[in-house]
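Close look at the chain arrangement
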Amino acid sequence: MRRDPDMELIEVADSIRSMEIRGAGLIARSAAEAMRHTAQEFKGEDIAAFRQVLEEGKKTLVASRPTAISLWNAVQATLRGTQDAGSVEELRSLVVANADRFVKRSSRAVETIGEFGAKRLKDGMKVMTHCNSKAALSVLKTAHANGMDIEVYATESRPWRQGLLTVKDLSAAGVPCTLIIDSAVRWAMKDMDAVFVGADTICSNGAVINKIGTSQVAMAAHDSRVPFMVCAETYKFSPRTLSGEMVEIEERDASEVVDPSLLPAGVRVRNPVFDATPPEYIDSLITEAGVIPPYAAYEVIVREFGQGSIFEGTED
Ligand code: RUB
């Protein structure tokens, strides 16, 4: 499904929950647009009622997928500076401007990550990617567009098989691709020169939360001395982990993994959607603010969320 900037907030939340809208960056941009739409549609002059509607919208969106901090940061960004608004009109125009700024800068960040990350690739390299990350694909497509001769190995990424989206997108851009099943990662790693993946959340200790299996890919890369890069916009860094919160790992329905009627009685199926890759397995985080070691995550969080705020300011 393509994201529609005029979709009702409740519909956006449902589409995020059902994964019609998926990927941490896209859900963040869609959530910001849903907040904007809600602000534009609010009728009346009662500012307290308006604040209540926005607060409820925020809760609905944030609850739609629990793991990606990008969603929370996006919604927070749309409400930036609104506490002092004195009228419905003032509050509305702040939310609209904040949402526009977030979406614009978020899209630009993905392009910048592509440019920075492409400098880490050389002609003839074989690169592995896991799941379907717009930020990671931006790197691979930029390298290819710059004339670099690279080949990509994409994991299938069970159970949703986002790897099919990856090979579709890369093939359309002309990048040679090979699809492998998730359990072939270690087998293929010996021939790889680098791994590029995305992130849903980056913790204050530099750990990366991304699609289930990412940590196994990272361990295989570490074992084969293959550099492991994580491509992530700065709104995927979690200020909540700085204050001690743990990241909730979403578990989805077992029926996504296997038809329950095929199972013997009493067998339980678990379907965790993300996992945590420790910083010692990560060579670099590629962000729009620069290429940094995972241990610099703390500083990014303090800079972006401590004194100031992500995507604050009036310039575009
Ligand atoms: C998607 C996934 C992606 C990150 C980053 O999981 O794990 O690697 O979200 O993506 P799901 P992007 O399919 O469950 O949403 O770089 O596009 O933000």
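Residues numbered from 1 in each chain as written. Predicted model: local features only at pLDDT ≥ 70, side-chain atom pairs only at ≥ 80, totals over all residues. Heavy atoms only, no water.

Side note on helix 2 (residues 24–41)
Structurally, the α-helix is built with 3.6 residues per turn, so residues lying three or four positions apart point the same way. Our working definition: Runs of H or I in DSSP of at least four residues are treated as helices and runs of E of at least two as strands, each being numbered from the N terminus. Here a helix's expected span is defined as the number of its residues, less one, multiplied by 1.5 Å. Only protein chains enter the accessibility calculation, which uses a 1.4 Å probe; a residue is then buried when its area is under 20% of its type maximum, exposed when over 50%, and partly exposed in between.
Taking 1.5 Å per residue, 18 residues should reach 26 Å; helix 2 reaches 26 Å between its end C-alpha atoms and fits that length. Of all 18 residues that make up helix 2, 16 are buried, and the element is covered over most of its length.

Remarks on the nonpolar core
As a reminder of what qualifies: Definition of nonpolar core: a set of buried residues of the types Ala, Val, Leu, Ile, Met, Phe, Trp, Tyr and Cys, connected through side-chain atoms within 4.5 Å. Residue contacts are defined here by distance: any two heavy atoms, one from each residue, within 4.5 Å place the two residues in contact.
Ranked by size, the top nonpolar core spans 30 residues in total, and within it Met128, Met189, Val195, Phe228 and Phe237 carry the most contacts. Going through the elements one at a time, helix 8 (185–189), strand 4 (194–197), helix 9 (214–223), strand 7 (228–231) and helix 11 (297–307) are the ones with two or more residues in this core. Dropping the residues within four chain positions of it, Val195 is found in contact with Met128, Met189, Val217, Ala221, Val226, Pro227, Phe228 and Met229. Counting residues in hydrophobic clusters, the runner-up holds 25 residues, among them Met7, Ala34, Phe50 and Leu61.

What to know about the packing of aromatic side chains
The line we're drawing: A pair of aromatic rings is counted whenever rings of Phe, Tyr or Trp (Trp by its six-membered ring) have centres within 6.5 Å, and the orientation is called stacked for planes under 30 degrees apart, edge-to-face for over 60 and tilted otherwise. For a Lys NZ or an Arg CZ to count as sitting over a ring, it must be within 6 Å of the ring centre and within 35 degrees of the ring normal.
The full count for this structure, using the stated rule, is two aromatic pairs. For the ring pair Phe42 and Phe50, a centre distance of 4.5 Å and an interplane angle of 10° mean the geometry is stacked. Across from the ring centre of Phe274, 4.6 Å away, lies the NZ or CZ of Lys211, which sits over that ring. For Arg240, the ring lying beneath its charged end belongs to Trp72, and the centroid distance is 4.7 Å.

Some points on empty space enclosed by the protein
Short version of the rule: Note on definitions: the grid is 1 Å and covers protein atoms alone; a cavity is a set of points where a 1.4 Å probe fits but cannot get out; a pocket is an open set with protein on both sides within 12 Å along at least five of seven lines; lining residues have an atom within 4 Å of a point. Grid points are joined across faces, edges and corners, and a volume is the space filled by probe spheres set on the points. Under the convention adopted here, Pro, Cys and the residues Ala, Val, Leu, Ile, Met, Phe, Trp and Tyr are nonpolar, Asp, Glu, Lys and Arg are charged, and Gly plus all remaining residues are polar. Domain start and end points were adopted from an automatic or database domain assignment.
Tallied over the entire structure, the rule returns four cavities of 30 Å³ or more. Elements with a minimum of two residues in the lining of the largest cavity: helix 2, helix 6 (134–145) and strand 6 (208–211). No other element matches the five residues that helix 2 contributes to the lining of the largest cavity. Residue composition of the lining of the largest cavity, by class: ten nonpolar, nine polar and nine charged. Per-domain counts for the lining of the largest cavity show at least three residues from each of domain 1 (7–108) and domain 2 (119–306).

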